[in-house]
Amino acid sequence: MIYLKQKNQYNNLNHSARVITLAELKTFPPLKEITMKLTIKYFGLLAEITQCNEEQFEFFGTDVSALKEALYTKYILLNGKDFQVAQGQVLVNNDTLINEKEIALLPPFAGG
Amino acid sequence: MNRYNRHIILSEIGQKGQDMLSEAKVLVIGAGGLGCPVLQYLAAAGVGTLGIMDFDVVSESNLQRQILFGTSSLGFNKAIAAKDRLEDLNNTIQINAYTKKLTHKNALALFNIYDIIVDGTDNFASRYLINDASIITKKPLVYAGIYKFEGQVSVFNYQEGPSYRCLFPSPPKEGEVPNCSDVGVLGVLPGIIGTMQANEVLKLILGIGDLLSGKVLYYNALNSNSTVLKLNRSVKEIKRVINSEPIFESLEDNLSCEVTVSEISIIEAFQKQNIQLIDVREFNVNPIIEVENAIHIPLSEFQKNLDMIDAEKEKVIFCQAGINSKKAVSILRDHQINNSFSLNEGAFEINKYLKK
């Protein structure tokens, strides 16, 4: 989203139809990384690993599996744990694109 | 009938709704922390036929949360003890006690007798078996699971809705997700979650309100937060179960919890010289056991840390309740590491023994 906004910013300069000189290019603001601020909720055993029920997480990436990788890097013990991911309160798959801020990691519970 | 007056005067229920309850047949599998409150409220509500299935006996550590039992039920089969208590609560309903284990062989015929199935079990093998049998017999399943201070509740297989496998397609690895006997549970938690299950059953029978079908509810007793998440039906998962129907009854039950392994008592173990004592509980579990030469490898990381095991020594493995230690011994046996014993007693008894 941030990337698109910046692209529009360039378009507004009305330079889209002609060649941009190197000197001009250097005056443009740099493209920021595509990061999203997510709110991630953890349940059960997962909350014990992360030591929190909820946190703000800066995510640089595209889909659910990239998010999982990022979380495995932050919390090594999450690796290999069984859980499902919900985005905006709907269960999603590994290849679903992250486009909502609210994420939840859901483990199965054995006890009864 | 005066017994159900408070139901009947509700316009949403009335005599018609009460008659629907008395015609309903509900099977509750597992008369434990969840099963007890489910059964108590369904019996009180006048659900006409209740099936109770449990092969286990009542032990003292159950009484902290399994509210149908008292000291007089200790040592008795849970299904029978629950039936005795519920017949006193409501002698106008039919209660069937099943003292056998649920298996692939007996599940389908049993489920066919009932309208609604309730899962109150404490292990994944049973949960997947119950889910699959509910799909095949086309019965709605009121599911719940608990962990320490948290619970999850859902209604599966209701009117083409999703099933447990649409949420979690396959069981987690052995020993990865601990149950109440390993890590403990707040006594009131299964009371809250089981009562939510009873509520779903009543709404299902009466056709009122919104069910937790296509949704899973997570509840946390420590901060009173509940989160409801939407869940979609996975045609692939459901088809796979339906396709297994012709061979379902011949499928093997997952007996991994019951492998026969060499066991040893505390007294025998501490008489031995030169043993390696191995704690396989998860980290941060009480009580902490401090013994010279003891090592700590949680069962979930056991396979990865086999190099910590001393092949030369006799190994005594313990956990909280004597179940995970058996699993650890069978893992060692799978890796041709012999001379290992599962301690009969748990960590609390070891602590007691060491203090003597």
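Preceding block: the structure.
About the cut-offs
Residues numbered from 1 in each chain as written. Chains lettered and ligands numbered in written order. Predicted model: local features only at pLDDT ≥ 70, side-chain atom pairs only at ≥ 80, totals over all residues. Heavy atoms only, no water. Helix = DSSP H or I, 4+ residues; strand = E, 2+ residues; numbered from the N terminus. Rg over C-alpha atoms; globule rule 2.2 N^0.38 Å. Buried < 20%, exposed > 50% of the residue type's maximum accessible area, 1.4 Å probe, protein only. Areas by Shrake-Rupley, 256 points an atom, 1.4 Å probe, with all protein chains shown as cover. Lys, Arg positive; Asp, Glu negative; His and termini not counted. Charge placed at Lys NZ, Arg CZ, Asp CG, Glu CD. Axes fitted to C-alpha atoms, helices over the stretch in contact; angles between N-to-C directions. Parallel < 35°, antiparallel > 145°, perpendicular 65-115°, else oblique. Left-handed = near helix turned anticlockwise from the far one by under 90°. Contact = heavy atoms within 4.5 Å. Nonpolar A, V, L, I, M, F, W, Y, C, P; charged D, E, K, R; others polar. Salt bridge = Lys/Arg side-chain N within 4 Å of Asp/Glu carboxyl O. Buried area = accessible area lost by both parts, 1.4 Å probe. Pairing = 2+ DSSP bridges. 1 Å grid on protein atoms, 1.4 Å probe; cavity = no way out; pocket = protein on both sides within 12 Å on 5 of 7 lines; lining within 4 Å. Points joined across faces, edges and corners; volume = space filled by probe spheres on them. Domains from an automatic or database assignment. Core = buried A, V, L, I, M, F, W, Y, C linked by side-chain atoms within 4.5 Å. Phe/Tyr/Trp six-rings, centres within 6.5 Å; stacked < 30°, edge-to-face > 60°. Lys NZ or Arg CZ within 6 Å of the ring centre and 35° of its normal.

Moving on: the overall build of chain B. Along its length, chain B carries 14 helices and 13 strands. For 356 residues, the compact-globule formula gives about 21 Å, and the C-alpha radius of gyration of chain B, at 22 Å, lands near that figure. In terms of principal-axis extent, the alpha carbons of chain B reach across some 70 × 45 × 40 Å. Taking all 356 residues of chain B together, the buried fraction comes to 52%. On chain B, roughly 16,700 Å² of surface is accessible, and the fraction owed to carbon and sulfur atoms is 49%. Looking at charge distribution, chain B has the averaged site of its 35 positive side-chain charges lying 4 Å from that of its 40 negative ones.

Our focus in this paragraph is the packing of helix 3 (residues 35-45) of chain B against helix 4 (residues 78-89) of chain B. Residue and element names in this part refer to chain B. Where helix 3 meets helix 4, the closest approach of the two axes is 9 Å, and the angle between their N-to-C directions is 30 degrees. When the axes of helix 3 and helix 4 are compared, the pair comes out roughly parallel. As helix 3 runs across helix 4, the sense of the crossing is right-handed. Touching Leu39, Gln40, Ala43 and Ala44 of helix 3 are Ala82, Leu86 and Leu89, all from helix 4. Along the lines of polarity and charge, the residues of the contact of helix 3 with helix 4 split into 6 nonpolar, 1 polar and no charged.

The next subject is the pattern of salt bridges. All names here are of chain B. Following the criterion strictly, the structure yields 14 salt bridges over all chains and no others. A salt bridge links Arg85 to Asp88, with the shortest nitrogen-to-oxygen separation between them at 3.5 Å. Residue Arg85 and its partner Asp88 are both found in helix 4; the two are separated by 3 residues, about one turn of the helix. For Arg85, a relative accessible area of 31% gives the class partly exposed. Salt-bridge contacts for Arg281 lead to Asp279; the nearest nitrogen and oxygen are separated by 2.9 Å. With respect to burial, Arg281 and Asp279 carry one shared label: buried.

Let us look at the packing of helix 3 of chain B against helix 9 (residues 188-206) of chain B. Residues and elements named next belong to chain B. Running from N to C, helix 3 and helix 9 cross one another at 40 degrees; their axes reach a closest spacing of 7 Å. With respect to each other, helix 3 and helix 9 are oriented oblique. Classified by chirality, the crossing of helix 9 by helix 3 is right-handed. Facing Pro37, Val38, Tyr41, Leu42 and Ala45 of helix 3, the residues of helix 9 in contact are Pro190, Gly191, Gly194, Thr195, Gln197, Ala198, Val201 and Leu202. Here the residues of the contact of helix 3 with helix 9 are counted per class, giving 9 nonpolar, 4 polar and no charged.

Let us now look at the interface of chain B and chain A. Counting from both sides, the interface comprises 39 residues of chain B and, opposite them, 23 residues of chain A. A buried area of about 2,500 Å², summed over both sides, lies between chain B and chain A, and 58% of it is on carbon and sulfur atoms. The tally of links from chain B across to chain A stands at 1 salt bridge. A salt bridge links A:Glu48 to B:Lys148, with the nearest nitrogen and oxygen atoms 2.9 Å apart. Those elements that provide at least two residues to the side of chain B that touches chain A are helix 6 (124-137), strand 5 (141-147), strand 6 (150-156), helix 7 (164-167), strand 7 (215-220) and strand 8 (225-230) of chain B. Partitioning the side of chain B that touches chain A into residue classes produces 17 nonpolar, 14 polar and 8 charged.

Residues and elements named next belong to chain B. Spatially, 5 strands are ordered 9-13-12-10-11 in an open sheet, and the strand pairing comes out parallel. Every other strand in the sheet has two partners, leaving strand 9 (263-264) and strand 11 (294-296) as the edge strands with one partner each. Against the sheet, helix 13 (residues 324-334) engages strand 9, strand 12 (314-318) and strand 13 (340-343), with an angle of about 170 degrees to strand 13.

Time to look at empty space enclosed by the protein. Residues and elements named next belong to chain B. With the rule as written, the count across this model stands at 3 cavities of 30 Å³ or more. Each pocket or cavity is described by its volume, and for the largest cavity that value is around 60 Å³. Taken together, Pro178, Asp182, Val183, Val280, Arg281, Glu282, Val285, Cys319, Gln320 and Asn324 make up the full set of residues lining the largest cavity. Looking at the lining of the largest cavity residue by residue, the classes come out as 5 nonpolar, 2 polar and 3 charged. When residues of the lining of the largest cavity are sorted by domain, at least three fall in each of domain 1 (5-250) and domain 2 (263-355).

The subject of this paragraph is the nonpolar core. Residue and element names in this part refer to chain B. The biggest cluster of nonpolar side chains holds 47 residues, and the ones touching the most others in it are Val26, Leu39, Leu42 and Val47. The greatest single-element share of this core, amounting to 8 residues, is contributed by helix 9. Counting residues in each nonpolar core, the second largest holds 41 residues, with Leu27, Tyr114, Ile135 and Ile238 among its members.

Right, let's talk about unusual backbone geometry for a bit. Residue B:Asn286 is joined to B:Pro287 through a cis peptide bond whose omega torsion reads -5 degrees. Along the chain, B:Pro287 falls in the loop between strand 10 (275-279) and strand 11. A positive phi is found at A:Gln89, a non-glycine position, where the angle reads about 70 degrees. Locating A:Gln89 in the fold gives a position in the loop between strand 3 (84-87) and strand 4 (90-92). You will see that B:Gln159, though not glycine, has its phi angle at about 45 degrees, which is positive. Counting through the fold element by element, B:Gln159 comes out in the loop between strand 6 and helix 7. Given the relative accessible area of 63%, B:Gln159 is considered exposed.

A full pass over the atoms with the stated rule returns 11 aromatic pairs over all chains. Centre to centre, the rings of B:Tyr164 and B:Phe168 are 5.9 Å apart; their planes meet at 70 degrees, and the pair counts as edge-to-face. Ring pairing ties together the aromatic residues B:Tyr128, B:Tyr143, B:Phe156, B:Tyr164 and B:Phe168, which thus form one cluster. Looking at A:Lys68, its charged tip hangs above the ring of A:Phe83, at a distance of 5.5 Å from the centre.

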